[in-house]
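What follows is each chain in one-letter form.
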Amino acid sequence: MHKTIFLLSFLFITYKASAQNASDAVLVKTPVRDTSNKRDLIDIAKVLFKIKPGTKTREKPKKVFFSLLPIGANVPGGGRALITSTSAGFYLGDRKTTNISNVTFTPYWNFQGRFGLPLRSTIWLKDNSWTIQGDTRFLVYPQYTWGLGSGHEDQKTLVNYKYVRFYQSALKQIRPYFYAGFGYNLDYFVNVRTPDAGLQKFTGYNVGTEEGSNSFSSGISFNLLYDTRNNSINPLPGSYLNMTLRTNPKFMGSQTSWKSLYLDARKYISLNTKPHQQNTLALWSYFWTGLNSGIPYLNLPSIGWDPYNRSGRGMDQNRYRGKGLFYIESEYRRDITDNGLLGFVVFANATSVTEPENNMFKKIHPAVGAGMRIKFNKGSNTNIAVDYGVSKGYSGFQIGLGEAF
């Protein structure tokens, strides 16, 4: 019964997100954002260090916008790490008809052998004719796992492994805002082990949990995308729908043959009473499920392991894992200052995963929180996001560049 309710809720949100005005059905030129009255940290730095601004002309507007954030923060699995997030936004065509592309590199190191080298990219070619998406990572963990289903807060074990990910997809515009294409997906979990050599017994799951084992998956994906946003770094009013169907056959190198489905729906509703002010209600929901048995344990749907690693604010990453996962989140975003330098958000989310005994959704796990926004780069509309979230048995800060979704 719960599973049916969740699926109907997801389909309802998906329908609402895709029900656009007639003007959304044709490609229109997007007005270039007027940032002359806006302020960011770069403007403040120029004043403090008495840096004279260069002369910009309409014929040659700036095309690349960099943002850099060096911080120390807590990381899943315990301890703190030095994290440096670098984001570059740029245009590969006329910004009136081409979305802003974005590349983010977020390396971290905890001075004790744990580090990560994640590189993500969303590239929009001229006139949005193609979108090319990439996600490449080399990560050295440990991370906690609570087993399958809802689990218990006081029952967890630390899992050590190295992880290599290489995801690349290319989608062609079929009609305005609608894209279709294929991708290649590789996951390699190396030397999966726990301190007590008991991951298989702890989880009750037999694929990818053997002590010291490696888990390799290689496959292709079929992707559909509907996206009316023009900035994925800080989405303005619009809609986003994404479907990824992935298959990992043995002839492509996978140790086991398995399939998965990921459905993602987002809606951004403007509540503006003043022009050029952030006053937005953002809604997000996704459904992620395995379609057969044989999925390696660390490839199973898990909170915080969505393709963007942005879900589950206010929860431990990996806290909930199962063959199926349903997620929903809402966030209110508002500028505090008229120049856009400072803003705030409040958010709430909820997660449910299938339980191992019957693969049914039974429990809902909520989290709430709030955050501050500081405009780092007004050209790309990139914010420094500082969020604090709370859920049962957990609370913590999350700091990064750009919005959660």
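Residues numbered from 1 in each chain as written. Predicted model: local features only at pLDDT ≥ 70, side-chain atom pairs only at ≥ 80, totals over all residues. Heavy atoms only, no water.

You'll find the chain entered in an unreviewed UniProt entry as Bacterial surface antigen (D15) domain-containing protein, with Pedobacter cryoconitis given as the organism. Annotation of the chain in UniProt includes, under Subcellular location (unreviewed entry), the sentence "Membrane". (UniProt positions renumbered as here; feature names shortened; annotations may be inferred.)

Among the nonpolar cores identified, the biggest contains 39 residues, and Tyr161, Tyr163, Val192, Tyr286, Ile303 and Trp305 are the most heavily contacted of them. For this core, the secondary-structure elements that each account for two or more residues are strand 1 (64-74), strand 6 (130-145), strand 7 (157-175), strand 8 (178-193), strand 11 (258-270), strand 12 (279-290), strand 13 (324-335) and strand 15 (365-377). Aside from chain neighbours lying at most four places away, what touches tyrosine 163 is Arg137, Phe138, Leu139, Asp187, Tyr188, Phe189 and Trp305. (Core = buried A, V, L, I, M, F, W, Y, C linked by side-chain atoms within 4.5 Å. Buried < 20%, exposed > 50% of the residue type's maximum accessible area, 1.4 Å probe, protein only. Helix = DSSP H or I, 4+ residues; strand = E, 2+ residues; numbered from the N terminus. Contact = heavy atoms within 4.5 Å.)

What follows covers the side chain of asparagine 309. Its location among the elements puts asparagine 309 in the loop between strand 12 and strand 13. We classify asparagine 309 as buried; its relative accessible area is 18%. Among all residues touching asparagine 309, those that are not within four sequence positions of it are Arg120, Arg137, Gly304 and Gln317.

Each aromatic ring pair is characterised by the separation of its centres together with the angle its planes make. Following the criterion strictly, the structure yields 22 aromatic pairs and no others. With a centroid separation of 6.1 Å and 85° between ring planes, the pair formed by tyrosine 262 and tryptophan 288 is classed as edge-to-face. Residue tyrosine 262 is located in strand 11, and its partner tryptophan 288 is located in strand 12; the two are separated by 26 residues in the primary sequence. On the basis of relative accessible area, tryptophan 288 is assigned to the buried category, the value being 12%. Ring centres 5.3 Å apart and planes at 70° place the aromatic pair tryptophan 284 and tyrosine 327 in the edge-to-face group. You can see tryptophan 284 sitting in strand 12 and its partner tyrosine 327 sitting in strand 13, a full 43 residues away along the chain. Taken together, the ring pairs connect Tyr262, Tyr268, Trp284, Tyr286, Trp288, Tyr327 and Phe405 into an aromatic cluster. Sitting above the plane of the tyrosine 240 ring, arginine 266 keeps its charged end 4.7 Å from the centroid. Just above the ring of tyrosine 297 sits the side chain of arginine 321; from NZ or CZ to the centre is 4.8 Å. (Phe/Tyr/Trp six-rings, centres within 6.5 Å; stacked < 30°, edge-to-face > 60°. Lys NZ or Arg CZ within 6 Å of the ring centre and 35° of its normal.)

Turning our eyes to something else, we now look at the environment of isoleucine 295. Relative to the helices and strands, isoleucine 295 is located in the loop between strand 12 and strand 13. You can call isoleucine 295 buried: its relative accessible area is 2%. C-alpha separation for the pair isoleucine 295 and valine 207, spaced 88 residues apart in sequence, amounts to 6.7 Å. In contact with isoleucine 295, other than residues within four places in its own chain, are Tyr205, Val207, Trp258, Lys259, Gly290 and Leu300.

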